[in-house]
Amino acid sequence: MALQYRYAPHGLEEKWQKHWEEKNVFHCTEDASRPKYYLMEMFPYPSGRIHMGHVRNYSIGDVMARFRRMQGFNVLHPIGWDAFGLPAENAAIKNNTHPAEWTYANISNMRTQLKRMGYSYDWQREIATCRPEYYRWEQEFFLKCLKKDLVYRKKAAQNWCPCCHTVLANEQVVDGKCWRCDSDVEQKELTQWFFRITAYADELLADLAKLEKGWPGRVLSMQNNWIGRSTGAEIEFALEGREGSVNVFTTRADTLYGVTFLTLAPEHPLVEALIAGKPGETAIRSFIERTKNMDRLDRQSETLEKEGVFTGSYCLHPMTGERIPIWLGNFVLAEYGTGAVMAVPAHDQRDFEFARKYGIAIKAVVEPAGKELDPAAMEEAYVESGVLARSAEFSGMPSDKGREAIIRKLEAEGKGKATVNYRLRDWNISRQRYWGAPIPVVYCEKCGMQPVKEEDLPVLLPLDVKTFEDGRSPLPQTPSFTDAVCPCCGGPARRETDTMDTFVESSWYFARYTSARKEDAPFDDAAIRYWLPVDQYIGGVEHAILHLLYARFFTKMLRDCGYLPKGLDEPFSNLLTQGMVLLGGSKMSKSKGNIVDPDAMVQKYGADTVRLFCLFAAPPERDFDWTDSGIEGAYRFVNRVWHLFADLQGVLHPVHACSDLSPATSEAVRSLRYVEHSVVKKVGDDIAGRNQFNTAIAAIMELVNAVAKYHADLSQTEEGKRALSSAMASVLTLLYPFTPHMCEEIWQELGHEEAMDSEPWPQWSKDALVTETCTVVVQVNGKLRGRIEVPAGSGPDVLEKTALEDPAVSRHLEGKAVAKVVVVPGRLVNIVVR
RNA sequence: GCCGGAAUGGUGGAAUUGGUAGACGCAGCGGACUCAAAAUCCGCCGCCCGCAAGGGCUUGAGAGUUCGAGUCUCUCUUCCGGCACCA
């Protein structure tokens, strides 16, 4: 056999893919004798075809997986399908098919596409979240949470997408629009199921610190913003002339003595009692109606005209006992804090404008050091911190001290307490759609809501239904599904017809991969303890909040429910967020018609070239623009490597990388060996330490260039042949994670018995990096003036002397006095002159 | 407004700890091979002055620290992302 001169990727790629599959090369099991490495990419939604974004994501993952295997890790590298969700229903309606049929056909198609890319997955762990074997465990988790009050039902105004016919979680509303179809989201009063993610707000926030080393800063910052913790105080204002009080949340307790009114959300539960029978009640009611009917987006926009109305009721200042008028304001949010705000016009711009508009008093109680504020002359609120004034015994304290002291006194008198508020809301998981996991509860006329018994799980999603044209769920009209027996009294009951948000499935799939085929429990405890947490997770930054926050929450929640071990607080130790693949500067999209089809690229260049280009084009975190000339360049390189081997067959011995360290007599051998070992070092550092695949590939190119430069001379001598053989073995070994098919093929043709999939990562040698001389740069006043060649290890004195004598340097010293000479051995000499 | 990230040749991007700015590609230019083209191979390739030797300038702008700054500090500009009438 001989290596054909022509590089023909298709046959050989398919040959090796078959080899991997038949030999089950990438299947893994728990093995205590080896260090584990759990690496996964975000699993795809089975939309029909893979796109370049997938290819980039999975190529990055595959390089890391193959690299870690070569390093001796026991690598778990699984794949699956995020298979529930709306597009399946919409496509089924459009094509007159069933969502299940559409989904499974897509999975089958995309599986073939992924296999054609040569990714090293353990296909025996493949999962699809729409299978009952998967979602039944989710239903069990739901029941467990119900018992622990971590999931609950409540009626509230919800985000409703009229186009998708379903509610959306807060995280799925982007700029007031549906994350999926971009329709304006409406508010609709509905009874829905919620996961109590807010119970974990503090832990989700605090544990971000554990991720500081392994997660990108921007993802941490986004989660931080989303959780939105603010510390302050809840303060009680007793109502005047009746029982009860209004509680407010404030971050500025230091301004308490400046309160001149309170503002309540029109939805505040006390409003009815406060306005009943007051003068102007009708006008107040019409204000409330008007505000409630406003579009949510308009109401929360910054340009909203701030309006309010006096309720006619008063409360009492907790410290001074002063009468404080209670107003309603269209800008106060019922859902944040207590839905009531203490207004301090002197120190809050919004309150300032409101007070000026309605002629309410302004009291300045925080002043810049040494200055007095005159409320009448103020043109805007003084919002900075300062020194407290007109604040009884707190006067004279700086803001932060005053804030603490005031809270302490309130706490002592039982009129308030230090507290924390979060922006994060509970996670609404009810979806009024068909293609999702059924929520395992029934409603009995007698007993009310009843959970399905665990032994009756799974609640199967019926497949023999027809979807409606307009997208409404057929489940409420499917008696075989809705008719149920009450688990409590045995009487007739109606089954819940809402399904779970698809983000629930993706919140725990990483744990299921560890024991994907287990039938009697969601997880195998030993497998969980061996594999988790995930060492490296890779995916798009668009999931920075949604999926990654939910998965973190689920990990903590499953831990507390006893499914995951104590101490497993975070699912993903390291996160790599890869950038998008663009075409012509914008995101590839079908509607815009700017698509590069991976299949077409594989057809034209082979999978190895496509993989290589995706990693070479840019560092993984950055977006990159697909260019035809770019992939041509990658193809040229692959061909160059192939031809080099074809030219050198008969010369090369079947040796391993870095195998030749015999004393070298020729300068070419020494040079090539130097390049070989420094490239081996760099590629390892780049892949393992920095995720810089583009520079790793660049280094391999340098090694190939070095071989091309020396091979004509070296192939003449036995010493040269040994050096070439080792260097070329290094090329293949380093390139293997990127272009595995080609490397396997050449490796075999070179005469190796073992396939490359069991080849270890090469060890570079310090000795090979030792040189006899080195080049030292000479600067004069920091400007580069010359280079000197000195024996390696030369001391400062020699360097200084050689540098000063160098003609290119001494020219710049004429007529000047040398003030100082800085010597960095092995690097540079800087001569400072005046 | 608050938080995070970024800015380097014609172009994608290198420069890992403050020490030769522009690795490796792409595009371009010149040459070899060819009847010719493609492919391939060899050479050149930041900007300005210069025949050259050489010199000057150069990492968004400006200052600072340092023998020395793309890298550290401060101020500013522009762009990208997140949060935002959040009390």
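As the structure is a prediction and not an experimental result, all values here were calculated from the model. (Residues numbered from 1 in each chain as written. Chains lettered and ligands numbered in written order. Predicted model: local features only at pLDDT ≥ 70, side-chain atom pairs only at ≥ 80, totals over all residues. Heavy atoms only, no water.)

Now for the overall build of chain A. Within chain A, the secondary structure is distributed over 26 helices and 34 strands. Summarising its shape, the C-alpha atoms of chain A cover approximately 110 × 90 × 50 Å along the three principal directions. Within chain A, residue pairs in contact and separated by at least 24 positions form 72% of the contacts whose partners lie at least 6 positions apart. Of the roughly 36100 Å² that chain A leaves accessible, carbon and sulfur atoms contribute 50%. Between the mean site of the 98 positive side-chain charges and the mean site of the 112 negative ones, chain A shows a separation of 1 Å. (Helix = DSSP H or I, 4+ residues; strand = E, 2+ residues; numbered from the N terminus. Contact = heavy atoms within 4.5 Å. Areas by Shrake-Rupley, 256 points an atom, 1.4 Å probe, with all protein chains shown as cover. Lys, Arg positive; Asp, Glu negative; His and termini not counted. Charge placed at Lys NZ, Arg CZ, Asp CG, Glu CD.)

Attention now goes to the pattern of salt bridges. In this structure the tally under the stated criterion is 50 salt bridges. In this structure, the salt-bridge partner of K556 is D207, at a minimum N-O distance of 2.4 Å. Here K556, found in helix 17 (residues 546–560), pairs with D207, found in the loop between helix 6 (201–206) and helix 7 (217–227); they are 349 residues apart in sequence, far enough to count as distant. Of the two residues examined, K556 and D207, each falls in the buried class. (Salt bridge = Lys/Arg side-chain N within 4 Å of Asp/Glu carboxyl O. Buried < 20%, exposed > 50% of the residue type's maximum accessible area, 1.4 Å probe, protein only.)

Among the residues of helix 18 (residues 598–605), those classed as buried are P598, M601, V602 and Y605. All buried residues of helix 18 fall inside an arc of 100° around its axis, so they share one side. Facing away from the buried side of helix 18, by more than 90 degrees, are the exposed residues Q603 and K604. Buried residues along helix 18 sit against helix 1 (9–23), helix 2 (52–70), helix 4 (99–116), helix 19 (607–616) and helix 20 (628–648). Looking one or two places after helix 18, you find G606, whose phi comes out positive at around 95°. (Arc of directions from axis to C-beta.)

The residue E676 is located in helix 21 (residues 667–690) in this model. One buried charged side chain, E676, makes no salt bridge at all; its nearest oppositely charged neighbour is R673, positioned 5.9 Å away. One polar contact links E676 to S726, side chain to side chain, over a distance of 2.8 Å. What E676 contacts, discounting residues up to four positions off in sequence, is A657, C658, L703, S726, A727 and S730. (Polar contact = N/O pair within 3.5 Å; in protein donor to acceptor, adjacent residues only side chain to side chain.)

Before going further, it helps to spend a moment on the packing of aromatic side chains. Per the counting criterion, the structure on display carries 47 aromatic pairs. Arranged with centres 6.0 Å apart and planes meeting at 25°, the rings of F141 and F523 form a pair that is stacked. Pair noted here: F141 is in helix 5 (residues 132–147) and F523 is in the loop between helix 15 (509–512) and helix 16 (525–531), with a separation of 382 residues, a long-range link. Judged by its relative accessible area of 8%, F523 falls in the buried class. Aromatic pair Y257 and F394: ring centres 6.0 Å apart, planes at 50°, arrangement tilted. With Y257 in the loop between strand 11 (245–250) and strand 12 (261–264) and F394 in the loop between strand 17 (387–388) and helix 12 (399–412), this pair connects stretches of sequence that are 137 residues apart. The class of F394 is buried, set by a relative accessible area of 4%. Grouped by ring-pair contacts, the aromatic residues W179, F195, Y200, W427, F503, Y550, F553 and F554 constitute a single cluster. (Phe/Tyr/Trp six-rings, centres within 6.5 Å; stacked < 30°, edge-to-face > 60°.)

With that settled, the discussion passes to the environment of E302. Its location among the elements puts E302 in the loop between helix 10 (296–299) and strand 13 (308–316). The spatial distance from the C-alpha of E302 to the C-alpha of F331 is 9.2 Å, given a sequence separation of 29 residues.

The environment of RNA strand B is made up of 57 residues, and the closest members are L304, K306, Y336, R423 and R787. In RNA strand B, the atoms that sit within 4 Å of the protein are 64% sugar and phosphate, with bases accounting for the remainder. Contacts to RNA strand B include R636, whose side-chain N or O atom sits 2.7 Å from a phosphate oxygen. The contact in question runs from a phosphate oxygen of RNA strand B to an N or O atom on the side chain of R690, over 2.8 Å. Of the residues in the surface near RNA strand B, the class split is 20 nonpolar, 17 polar and 20 charged. (Near = heavy atom within 4 Å. Nonpolar A, V, L, I, M, F, W, Y, C, P; charged D, E, K, R; others polar.)

What follows deals with the sheet that holds strand 29 (residues 586–587). Across the sheet, three strands lie side by side as 29-28-30; this open sheet has mixed pairing. Each edge of the open sheet is held by one strand with a lone partner, namely strand 29 and strand 30 (624–625). Here strand 28 (residues 581–583) runs beside strand 29; their pairing, made up of two bridges, is antiparallel. Paired with L582 across the bridge in strand 29 is K587. (Pairing = 2+ DSSP bridges.)

Further remarks concern unusual backbone geometry. Omega for the bond connecting L457 with P458 falls within 30 degrees of zero, at 0°, which places this linkage in the cis form. Note on placement: P458 falls in the loop between strand 22 (448–451) and helix 13 (479–482). The linkage connecting L532 with the following residue, P533, adopts the cis geometry, with an omega of 0°. Even without being glycine, D149 reaches a positive phi, approximately 60°.

A few words now on the side chain of K36. Note on placement: K36 falls in strand 1 (residues 36–41). We classify K36 as buried; its relative accessible area is 18%. From its side chain, K36 meets the backbone oxygen of W531 in a polar contact 2.5 Å long. Those residues within four positions of K36 in sequence are excluded, and the remaining contacts are F73, N74, Y530, W531, L532, P533 and D535.

Let us now look at the environment of A727. With respect to the secondary-structure elements, A727 resides in helix 23 (residues 718–735). Given a relative accessible area of 0%, A727 falls into the buried group. Remark: the alpha-carbon pair of A727 and P375, spanning 352 residues in sequence, is separated by 80 Å. For A727, the contacting residues outside a window of four places in its chain are L672, E676, L703 and V707.

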